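One letter stands for each residue in the lines below.
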Amino acid sequence: MADVELRGVAMRYESRAGAVDALAPIDLGLAQGEVVAVVGPSGCGKTTLLRTIAGLTRPTSGSVRLHGRDLWSRRRPDPEALASLAIVFQDANLLPWLTVEDNIALPLKLRGVDRAARRAAAAALCERTGLEGFARHRPGEPSIGMRQRVALARALVDAPRLLLLDEPFASLDAITRDAMNLELQRVLIDSRCTAVLVTHAMSEAVFLADRVVSMSARPGRVLGITEVPFPRPRTMALQHTAGFQSLVQDLRDTLSVAA
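Here's what I pulled together on the structure shown here.

Rules behind the numbers
Residues numbered from 1 in each chain as written. Predicted model: local features only at pLDDT ≥ 70, side-chain atom pairs only at ≥ 80, totals over all residues. Heavy atoms only, no water. Pairing = 2+ DSSP bridges. Helix = DSSP H or I, 4+ residues; strand = E, 2+ residues; numbered from the N terminus. Contact = heavy atoms within 4.5 Å. Salt bridge = Lys/Arg side-chain N within 4 Å of Asp/Glu carboxyl O. Buried < 20%, exposed > 50% of the residue type's maximum accessible area, 1.4 Å probe, protein only. Axes fitted to C-alpha atoms, helices over the stretch in contact; angles between N-to-C directions. Parallel < 35°, antiparallel > 145°, perpendicular 65-115°, else oblique. Left-handed = near helix turned anticlockwise from the far one by under 90°. Nonpolar A, V, L, I, M, F, W, Y, C, P; charged D, E, K, R; others polar.

Moving on, we come to the pairing of strand β1 (residues 4-13). Strand direction decides the pairing type here: β1 and strand β2 (residues 20-30), joined by seven bridges, are antiparallel. In the strand pairing of β2, valine 9 is matched with isoleucine 26. A loop of six residues connects β1 with β2, the two strands running antiparallel in sequence, and glycine 18 in this loop sits at a positive phi of about 125 degrees. With five bridges connecting them, β1 and strand β4 (residues 61-66) associate as antiparallel partners. Residue pairing across strands places valine 4 opposite leucine 66, the latter belonging to β4.

This is how it looks when you write it as structure tokens:
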């Protein structure tokens, strides 16, 4: 059984100007522990697809199943299906009046976990994500890259079974982005959670994913699914190899033909 399963998922938005088809029917399944990247042109529905998996947007048609449960069996998303899900956005969305430690521990506080346990969990995540020494800082004090580390740590503090990432490193410079890709890879290996990554960067998709889903221009549909054969852990040196560059070019060719 797939850990995440989409069957005929389509999305149409109604407005005064008329209907807009954001997603054509999409079928997709993810195995437990698999990392899938989604690439495609701007406006193709990548974020809409992610939002339907996250229970933030109900699809017009089709079904989404998480861990064997139907996400949209009722008018509201199934809370049990969403219980082990976490999401990281492009904007870190940290609370500026809380410390780094308290931002990371916020999901635990909302669940009623006691302060000592929250601090211990936050300290462990600070160590895992390279935030040692920043626990008592405010979110405005670390760099943008550090703030994204905080957002990632906050997403992981509740040990999610499914991690959704919506272009989390798009605003970072190239060097910091490489460092964060290495960090995210390590976290994914350690946690063994299932992950969906939306990105515009082909090299990032190939570096992090087991499979890459290429989407067409709106209405978004699946053009193809590319298997990534490289074993983990992967190093930045992999990106300079002929095999890596060939795979990236194949993805670009797939998208350019459909543009």
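So much for the structure itself; the text now carries on.
Next up on the list: the environment of proline 25. With respect to the helices and strands, the residue proline 25 is situated in strand β2. Residues proline 25 and serine 61 lie 36 residues apart in sequence; the distance between their C-alpha atoms is 7.9 Å. In contact with proline 25, not counting residues within four places along its chain, are Gly8, Val9 and Ala10.

Attention now moves to the pattern of salt bridges. Under the criterion given, the structure shown has 14 salt bridges. The shortest N-O distance in the salt bridge between glutamate 101 and arginine 119 comes to 3.5 Å. Taken as a pair, glutamate 101 in helix α3 (residues 100-110) and arginine 119 in helix α4 (residues 115-128) lie far apart in primary sequence, 18 residues in all. Looking at arginine 119, the relative accessible area reads 31%, which means it is partly exposed. We note a salt bridge from arginine 232 to aspartate 210, for which the minimum N-O separation is 2.6 Å. Here arginine 232 is found in the loop between β10 (222-227) and α8 (242-258), whereas its partner aspartate 210 is found in the loop between α7 (202-208) and β9 (211-215), with 22 residues between them in sequence. The exposure class of aspartate 210 is partly exposed, given its relative accessible area of 21%.

Before going further, it helps to examine the packing of α3 against helix α5 (residues 144-156). Packing of α3 against α5 leaves a shortest axis separation of 7 Å and a crossing angle of 30 degrees. When the axis of α3 is compared with that of α5, the two are roughly parallel. In the packing of α3 onto α5, the handedness of the crossing is right-handed. Touching Val100, Asn103, Ile104 and Pro107 of α3 are Val150, Ala153 and Arg154, all from α5. Residue composition of the contact of α3 with α5, by class: five nonpolar, one polar and one charged.

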